[in-house]
Amino acid sequence: MTQSETVAQRGVQLREVGVVYERAVALSDVSLDVALGEWVGVIGANGAGKSTLLRAMARLVKYRGTIRIDGHETGPMHRRDFARLVAYVPQSPQFPAQMRAIDYVTLGRTPHHGYLGGESSHDRDRSAELLGRLDMSHLALRHLDSMSGGELQRLVLARALAQSAPILLLDEPTSALDVGRRVEVLELVDELRLERNLTVISTVHDLTLAAQFVERLVLLSQGAVVADGTPEEVLVEEVVNRHFDVRVEILRSEHNGIVVTPRRAKSKGSHD
Ligand SMILES: Nc1ncnc2c1ncn2[C@@H]1O[C@H](COP(=O)(O)OP(=O)(O)O)[C@@H](O)[C@H]1O
Ligand SMILES: [Mg+2]
């Protein structure tokens, strides 16, 4: 064994990870190394396996292959130890309707409680701070069933951030938000990533927005990684056209970097 093999690799490491649902292959032989502090965007057409990849990393689906964090296999970890390492925001979360926002966010602190202890004032302070950073302080005492889709989406993120885990898995964290809120939420994720050296793996369907925030894009197609690189490397017309089954135009904008826009087959107003 060489010296480099004996030193545990920092970050997240997937080796030949595969997931099969009722005989349908959703993920096949995905190997991926994500460095500490890195933000990786997972992209791909509907059904490409993005959510499945995150669910495997979150241990919510049976997979073959190995997933390691800082050299430790995650499969055998105790639930609580795992929850201190990995926070996950699902694409379609379930909400306890009658719970208040602040209590919901504070649930994220559970892995940090002592075996007998419940939440502390420190836990509530952290939740309140996160609500503040997401511009939601005024909603702290509202029940979840009175909130909009966008507010709920920001709350799930706040709950995941309250978990203080170094690895954050976000499945389409901005899909329910308007364009202003999208940028705000992604800015916050980036700020916290730099502050706390978080490793972020997120799926994103807005390719233009992804290119503005992430350093690296991993493109999945039919459960396999077909491209992995910087947004400049991955977002090229030929690749996007092939794997999203669409014709796009990719523009370079001075302020925004890369802009991906679909091309219509017909021109506007044409009746052919
Ligand atoms: N619970 C499930 N049972 C059966 N098939 C599933 C399940 N979840 C996802 N799939 C299938 O697995 C494939 C990948 O799905 P998913 O990971 O949700 O893709 P994406 O997030 O990229 O849209 C799709 O073909 C989907 O229909
Ligand atoms: Mg998905």
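Quick note: structure is the one above.
As the structure is a prediction and not an experimental result, all values here were calculated from the model.

Definitions and limits used
- Residues numbered from 1 in each chain as written.
- Chains lettered and ligands numbered in written order.
- Predicted model: local features only at pLDDT ≥ 70, side-chain atom pairs only at ≥ 80, totals over all residues.
- Heavy atoms only, no water.
- Helix = DSSP H or I, 4+ residues; strand = E, 2+ residues; numbered from the N terminus.
- Rg over C-alpha atoms; globule rule 2.2 N^0.38 Å.
- Buried < 20%, exposed > 50% of the residue type's maximum accessible area, 1.4 Å probe, protein only.
- Contact = heavy atoms within 4.5 Å.
- Areas by Shrake-Rupley, 256 points an atom, 1.4 Å probe, with all protein chains shown as cover.
- Axes fitted to C-alpha atoms, helices over the stretch in contact; angles between N-to-C directions.
- Parallel < 35°, antiparallel > 145°, perpendicular 65-115°, else oblique.
- Nonpolar A, V, L, I, M, F, W, Y, C, P; charged D, E, K, R; others polar.
- Near = heavy atom within 4 Å.
- Polar contact = N/O pair within 3.5 Å; in protein donor to acceptor, adjacent residues only side chain to side chain.
- Donors = N, O, S within 2.8 Å, 3.2 Å for Na, K, Ca; no water.
- Salt bridge = Lys/Arg side-chain N within 4 Å of Asp/Glu carboxyl O.
- Core = buried A, V, L, I, M, F, W, Y, C linked by side-chain atoms within 4.5 Å.

Focus: the overall build of the protein
No. 1: Scanning the protein from N- to C-terminus turns up 10 helices and 12 strands.
No. 2: For a compact globule of 272 residues, the expected C-alpha radius of gyration is about 19 Å, and the protein comes in at 20 Å, within 12% of that figure.
No. 3: C-alpha extents for the protein along the principal axes are approximately 65 × 55 × 40 Å.
No. 4: For the protein, buried positions account for 46% of its 272 residues.
No. 5: Long-range contacts, defined as pairs at least 24 residues apart, comprise 64% of the intrachain contacts of the protein with a sequence gap of at least 6.
No. 6: Total accessible area on the protein stands at roughly 14100 Å², and carbon and sulfur atoms take up 49% of it.

Things to note about the packing of helix 5 (residues 121-133) against helix 7 (residues 179-196)
No. 1: For the pair helix 5 and helix 7, interaxial distance at closest approach is 11 Å and the crossing angle is 135 degrees. Classified by the angle their axes make, helix 5 and helix 7 are oblique. Contact residues: helix 5 offers R126, L130 and R133, while helix 7 offers L188, E191, L192, E195 and R196.
No. 2: Grouping the amino acids of the contact of helix 5 with helix 7 by side-chain chemistry returns 3 nonpolar, no polar and 5 charged.

Some points on the site of ligand 1
No. 1: Every residue close to ligand 1 is listed here: Y21, A26, A45, N46, G47, A48, G49, K50, S51, T52 and R55.
No. 2: A48 places a main-chain nitrogen or oxygen 3.2 Å from an oxygen atom of ligand 1.
No. 3: Within the contact set of ligand 1, an oxygen atom lies 2.9 Å away from a backbone nitrogen or oxygen of S51.
No. 4: Calculation on ligand 1 without its partners gives an accessible area of 560 Å², and the protein chains cover 58% of this total.
No. 5: Looking at side-chain class alone, the shell around ligand 1 contains 4 nonpolar, 5 polar and 2 charged residues.

As for the coordination of the magnesium ion (ligand 2)
No. 1: Binding of the magnesium ion (ligand 2) to the protein goes through S51 (OG) and Q91 (OE1), at separations of 2.1 to 2.3 Å. With S51 in helix 2 (residues 50-57) and Q91 in the loop between strand 6 (86-89) and helix 4 (101-106), the pair connects residues that are 40 residues apart, well separated along the chain.
No. 2: According to the relative accessible area criterion, S51 is buried, its value standing at 15%.

So, the pattern of salt bridges
No. 1: According to the stated counting rule, one finds 19 salt bridges in the structure shown.
No. 2: R216 is the partner of E38 in a salt bridge, and the nearest nitrogen-oxygen pair spans 3.2 Å. Of this pair, E38 sits in the loop between strand 2 (24-34) and strand 3 (39-43) while R216 sits in strand 9 (residues 216-221); the two residues are 178 residues apart in sequence, bridging distant segments of the chain. In this structure, E38 and R216 share a single accessibility class: buried.
No. 3: When the shortest N-O distance is used, the salt bridge between R263 and E237 registers 4.0 Å. Taken together, the residues R263 in the segment after strand 12 (257-262) and E237 in helix 10 (residues 237-244) connect sequence positions 26 residues apart.
No. 4: For R263, a relative accessible area of 35% puts it in the partly exposed group.
No. 5: Look at E237 and you get partly exposed, because its relative accessible area is 29%.

A short note on the nonpolar core
No. 1: With 53 residues, the main nonpolar core has I43, L155, L157, L168 and L235 as its most contacted residues.
No. 2: The greatest single-element share of this core, amounting to 8 residues, is contributed by helix 6 (residues 149-162).
No. 3: Discounting residues that sit within four places of it in the chain, L155 has contacts with A101, Y104, V105, L131, M136, L144 and M147.
No. 4: Membership of the second largest hydrophobic core comes to 28 residues, among which are V40, M77, L169 and V218.

Honestly, it's all geometry; don't read function into it.
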